[in-house]
Each structure stands twice: as C-alpha cells, then as structure tokens.
Amino acid sequence: MSTTRASSPPEAVGDAGPDPGLAMEARRLHRSLIEAVLATGSVPSVRELADRLGTTEDAIHSGQAELAIADYVALDDRGQVSCLYPFSTTPTSHVIVINGQPQYAMCSIDALGMPAMLGQALDIAAGCAVCDRPITFRVAPGTIVAATPSEAMVVARPDEAEPAFATCCPFTVFVCGQEHADQFMRRIAGTQGLPLTEALRHAEEIFGSLLTEVIPASRPRGRRWGQSRDA
Ligand SMILES: [Zn+2]
C-alpha cells in the first residue's frame, strides 16, 4: 500500500492551557467517517460525504487533509482515506466483528481499543505473527473476557514522531505466547512484549474517548510504555 502524508505532525500549540480539541468541522467529518465505516465497512466517497454533510467536495478534501495532519486518518496518493484509526479500510490480520460485520484493525492495540471505544464486548480474531496460529479474544471495555490460547500476548512498537501506519502498526501484533514474543522482538528492533491486560490499558487510553463529543486537536499516541524489561 502506498500511503503518503500531507505534512509533518503539527507542533503543539503552546504548552499552556487545555487542548481546545479538534475543530468542529473536522470533528463532524471524522465522526461521519467512523459512522460510515461502522455501518458499511468502507469509507464513503468524497461526493457522498459532501452530500451527507451538506458541503462541497473541496471542503471534504481539505477536511480530510486536516484530519491527516492531526493523525486521525492516513490518505493514499489519490487523497482517499486509507486508514481511519483504529480501522483499516483494507483487510488486515486483525478482525473484529461489530454488529455481525467483520471490521479490520490497523494493529493489535487498535483492535483492543475498539470495545472501549464502542462501549460493548467484541470478538477479535487474529493470528500469531510468528507461527500464524489462530488467536481469538473476547474483550469487554476494561476486561479481557477470554483469550485462546490463554498465553497470547501483544508485541508492540510504540508510535512516536512518525505516522503509526508506517512505523508502528506493522510491528504491533498478537503472538501466541512468550516464546514467539521473544522471537519477534529479536527480529524487529524496538518492539516490546506486553501482557494482554497491559496492552488493553494502553489501547483504551488511545481509543476509549474517540467517539466523545470533543477529541484532542491531534490523535493521542501510544506513549513509551514500560522500560524494556531486561534487554
Ligand atoms: Zn506463535
């Protein structure tokens, strides 16, 4: 997938004072995109969005560019939304069933954030990133209800300055247990194994409030979790 980014991440707008939140127009567009993906599994065309929001295609294009700068979406070469965190608009190995419909998450952390974001228990199906063994979860907001195999864990690369889809999502995966976590961490520098409960906490910090009225001016990023346990 070739994905480009409109510009580098915005500077923090002054350290003092509360985050005023994403501008209302951009917020409306962002919410429409998420609602459409939840309803249909795909991102509507610019034309459809313009009709739905009673605005022009130009306004949608610039709104999408604004959302990309704020890191809420990524755009492809043609300016189409290719990722709408936590959703991927193309199939990935992290499948979440929402209202009977399969949806795809950008990475394991994004998948774990969806139950809190939607306020409902969800089933997640994935595969071990090392051996491809099927891994399934039932996750409710705040709780891993069930995991098969029970030793399954997350291996994650924290997202920092760079857009997540490029630097972190491909390396933020599920593995079937500690042995394959260790193998993956040896293979990919900068990754870290996380127990499911810890991964869930981080996921909920990032995605738990994504559907609330006001969201931050730029997408909250995974912070640098834990120190490497013993490198
Ligand atoms: Zn495995």
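Above this text you will find the structure in question.
Residue-level account of the overall build of the chain, with values.
A count of helical and extended segments in the chain gives seven helices and 12 strands. The buried share among the 231 residues of the chain stands at 38%. Considering only residue pairs separated by 6 or more positions, the chain has 61% of its internal contacts joining residues 24 or more positions apart.

Could you give an account of the sheet that holds strand β11 (residues 173-175), with specific residues and numbers?
Pairing is antiparallel across the open sheet formed by three strands, whose spatial order is β11-β10-β12. Of all strands in the sheet, those with a lone pairing partner are β11 and β12 (192-194), marking the two edges. This sheet shows a mean twist of 35 degrees between the axes of neighbouring strands, independent of strand direction. With three bridges joining them, strand β10 (residues 153-156) and β12 adopt antiparallel strand pairing.

Would you mind going over the packing of helix α1 (residues 24-40) against helix α2 (residues 46-53) in detail, with residue names and values included?
Remark: α1 packs on α2, axes separated minimally by 11 Å, with the N-to-C direction vectors making an angle of 120 degrees. The interaxial crossing formed by α1 with α2 has right-handed handedness. Residue-level inspection shows Arg-28, Leu-29 and Ser-32 of α1 in contact with α2, the latter providing Leu-49, Arg-52 and Leu-53. Here the contact of α1 with α2 is composed, by residue class, of three nonpolar, one polar and two charged.

Basis of the calculations
- Residues numbered from 1 in each chain as written.
- Predicted model: local features only at pLDDT ≥ 70, side-chain atom pairs only at ≥ 80, totals over all residues.
- Helix = DSSP H or I, 4+ residues; strand = E, 2+ residues; numbered from the N terminus.
- Buried ≥ 20, exposed ≤ 12 C-beta atoms within 10 Å, placed from the backbone.
- Contact = placed C-beta atoms within 7 Å.
- Pairing = 2+ DSSP bridges.
- Axes fitted to C-alpha atoms, helices over the stretch in contact; angles between N-to-C directions.
- Left-handed = near helix turned anticlockwise from the far one by under 90°.
- Nonpolar A, V, L, I, M, F, W, Y, C, P; charged D, E, K, R; others polar.

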